[in-house]
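In case you want the letters, here they are:
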Protein chains: 2
Amino acid sequence: MLFTYLAASMSGNTRKEEIIMVASRLFKEKGYTAVTMRDIAQTMGIKAASLYNHISGKQELLSRLVLRLAEEFTKGMEAVQEQPGSEVSKIKRIIELHIDITVNASEALAALNNDWMHLEGEDLKRFVHMREAYEENFRSIIKKGIENGELQPHHPEVILFSILSTLRTLYIWYQKRGKLDVNVLKKDMVSVLLRGIV
Amino acid sequence: MLFTYLAASMSGNTRKEEIIMVASRLFKEKGYTAVTMRDIAQTMGIKAASLYNHISGKQELLSRLVLRLAEEFTKGMEAVQEQPGSEVSKIKRIIELHIDITVNASEALAALNNDWMHLEGEDLKRFVHMREAYEENFRSIIKKGIENGELQPHHPEVILFSILSTLRTLYIWYQKRGKLDVNVLKKDMVSVLLRGIV
DNA sequence: CTACAAAACTAACGTTTGTTAGTTAGAATC
DNA sequence: GATTCTAACTAACAAACGTTAGTTTTGTAG
């Protein structure tokens, strides 16, 4: 089953995971730097110092959120690459991957998109590496698609960026707009991103 | 001439505009909250206290950046609405508007996208109102386009979101990728966003 | 009932933050 | 030559920050 680890973490079974969930909600609204440990504690109904019985510090909250999700994307991309089929079908699967993760972890996605630069040391390096690898894999799928005539001969960078920025920002819209059905959303997104709107 | 005020402000003719420019660069990299007045001062080669000879405080830096740009978008949208022609041609003009602003003020766009929520009081209200109006105007163009058969009958929200999130994130990619020619970029973006990639 | 672990508390620490007050050097104006 | 203006400076403040140390409460197993 996909997203099992993600699902377990989102349900917040341990106190630690509860804190991480609360943090992700606050990070989404104000950003990592603007959220204080006292904010997180107050939302949980406890004092800031009590948080340290469960976590090592603020950085751990960020790195758990971001790296956990980045690994999910990396795993998803690997699965797509191993699958047989056309390049267009792979792009479809990537779109669906993003939508699945958005639906299951929309809060944490905000941290991944907006606050990854506040990671430190090895965590930051690892994240940047994963992100670059992800984009490079996506790019080579697009290039192959252009070469064999599946895709229009546009600059690959423009295609990559236009799809990826839509998918990465999806978390903002999904839930502002009444949470439409996931399968309907997938179908619409695939159609709009691949075949355009006119 | 369009963007005159914007261009004047970006050239940094006064000391105050210099500070605002430096701030926008730093805000783009780390976000509003993570940037300190000492950071800004150090980048300018002066002490933090000296900044207050030119500006009233940190908030002013943010609100100048964000509201100035928001007004540029609002003016642009008004111009598009007054223009005759098909709905598709209006969408084209909107795409070009975003690209023009991105090229002329890519730094400030980061603040507008990521840090608007740190505006306070009346500034925040004004921004949110302008943003909602902008989206509503865009949405009604799309709806009209669907009604008269220019556009595919997708959920307007999906179309709006997919175009807008691409355009809003453009500032990240434009300059990471060697600053391609503006007119080429416009043509490619219009083609990809309107007619898709397959 | 006792022992223990989990999870909360109070109090405080050393820094960093945005900002203010008062001062000074140099250039422009009268 | 005196005055005003511009733009920098030093010094410091009060508040807020992440975090630590030590203590108390609470629930559970022997």
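Residues numbered from 1 in each chain as written. Chains lettered and ligands numbered in written order. Predicted model: local features only at pLDDT ≥ 70, side-chain atom pairs only at ≥ 80, totals over all residues. Heavy atoms only, no water.

Thoughts on the protein's contact with DNA strand D
Link 1 in the chain: In the vicinity of DNA strand D lie 16 residues, with Thr36 and Tyr52 of chain A together with Arg15, Lys47 and Asn53 of chain B positioned nearest.
Link 2 in the chain: Sugar plus phosphate: this is where 54% of the atoms of DNA strand D within 4 Å of the protein reside.
Link 3 in the chain: Within the backbone of Lys58 of chain A, one N or O atom sits 2.9 Å away from a phosphate oxygen of DNA strand D.
Link 4 in the chain: The contact in question runs from a base nitrogen of DNA strand D to an N or O atom on the side chain of Asn53 of chain B, over 2.3 Å.
Link 5 in the chain: Of the residues in the surface near DNA strand D, the class split is 6 nonpolar, 5 polar and 5 charged. (Near = heavy atom within 4 Å. Polar contact = N/O pair within 3.5 Å; in protein donor to acceptor, adjacent residues only side chain to side chain. Nonpolar A, V, L, I, M, F, W, Y, C, P; charged D, E, K, R; others polar.)

Observations concerning the packing of aromatic side chains
Residue and element names in this part refer to chain A.
Link 1 in the chain: On inspection of all chains with the given rule, the structure shows 8 aromatic pairs over all chains.
Link 2 in the chain: Ring plane angle 80° and centroid distance 5.8 Å describe the contact between Phe73 and Tyr134, whose orientation is recorded as edge-to-face. Highlighted residues: Phe73 in helix α4 (residues 58-82) and Tyr134 in helix α7 (residues 121-147), separated in sequence by 61 residues.
Link 3 in the chain: When the ring centre of Trp173 is taken as origin, the NZ or CZ atom of Lys176, which lies over that ring, is 4.9 Å away. (Phe/Tyr/Trp six-rings, centres within 6.5 Å; stacked < 30°, edge-to-face > 60°. Helix = DSSP H or I, 4+ residues; strand = E, 2+ residues; numbered from the N terminus. Lys NZ or Arg CZ within 6 Å of the ring centre and 35° of its normal.)

Description of the protein's contact with DNA strand C
Link 1 in the chain: Of all residues adjacent to DNA strand C, which total 16 residues, the nearest are Arg15, Lys47, Asn53 and His54 of chain A together with Tyr52 of chain B.
Link 2 in the chain: Separating a phosphate oxygen of DNA strand C from a backbone N or O atom of Val35 of chain B is a distance of 3.3 Å.
Link 3 in the chain: Within the contact set of DNA strand C, a base nitrogen lies 2.9 Å away from a side-chain nitrogen or oxygen of Arg38 of chain B.
Link 4 in the chain: Residues of the surface near DNA strand C, tallied by class, amount to 6 nonpolar, 5 polar and 5 charged.

Structural notes on α7 of chain A
Link 1 in the chain: The terminal C-alpha atoms of α7 of chain A lie 39 Å apart, and with 27 residues this matches the ideal 39 Å at 1.5 Å per residue to within 8%.
Link 2 in the chain: Positive phi shows up at Gly149 of chain A, right after α7 of chain A, with a value of about 85°. (Expected span 1.5 Å × (residues − 1).)

Observations regarding the environment of Met77 of chain B
Link 1 in the chain: Structurally, the position occupied by Met77 of chain B is in helix α4 (residues 58-82).
Link 2 in the chain: When the C-alpha positions of Met77 of chain B and Arg93 of chain B are compared, they lie 9.0 Å apart, and in sequence the two are 16 residues distant.

Considerations on the interface of chain B and chain A
Much of the literature gives interface size as the accessible area that the parts lose upon coming together.
Link 1 in the chain: Each partner contributes to the interface: chain B provides 41 residues, whereas chain A provides 41 residues.
Link 2 in the chain: In total, chain B and chain A occlude about 3,600 Å² of area from one another, counting both sides; carbon and sulfur atoms represent 67% of this.
Link 3 in the chain: Our count for the chain B to chain A interface comes out at 0 salt bridges.
Link 4 in the chain: At the junction of chain B with chain A, the criterion picks out 7 residue pairs in polar contact (both at pLDDT 80 or more).
Link 5 in the chain: Mapped by element, the contributors of at least two residues to the side of chain B that touches chain A are α2 (15-30), α7 (121-147), α8 (156-173) and α9 (182-195) of chain B.
Link 6 in the chain: Ranked by residues supplied to the side of chain B that touches chain A, first place goes to α8 of chain B with 14 residues.
Link 7 in the chain: Of the residues belonging to the side of chain B that touches chain A, the class tally is 18 nonpolar, 12 polar and 11 charged. (Contact = heavy atoms within 4.5 Å. Buried area = accessible area lost by both parts, 1.4 Å probe. Salt bridge = Lys/Arg side-chain N within 4 Å of Asp/Glu carboxyl O.)

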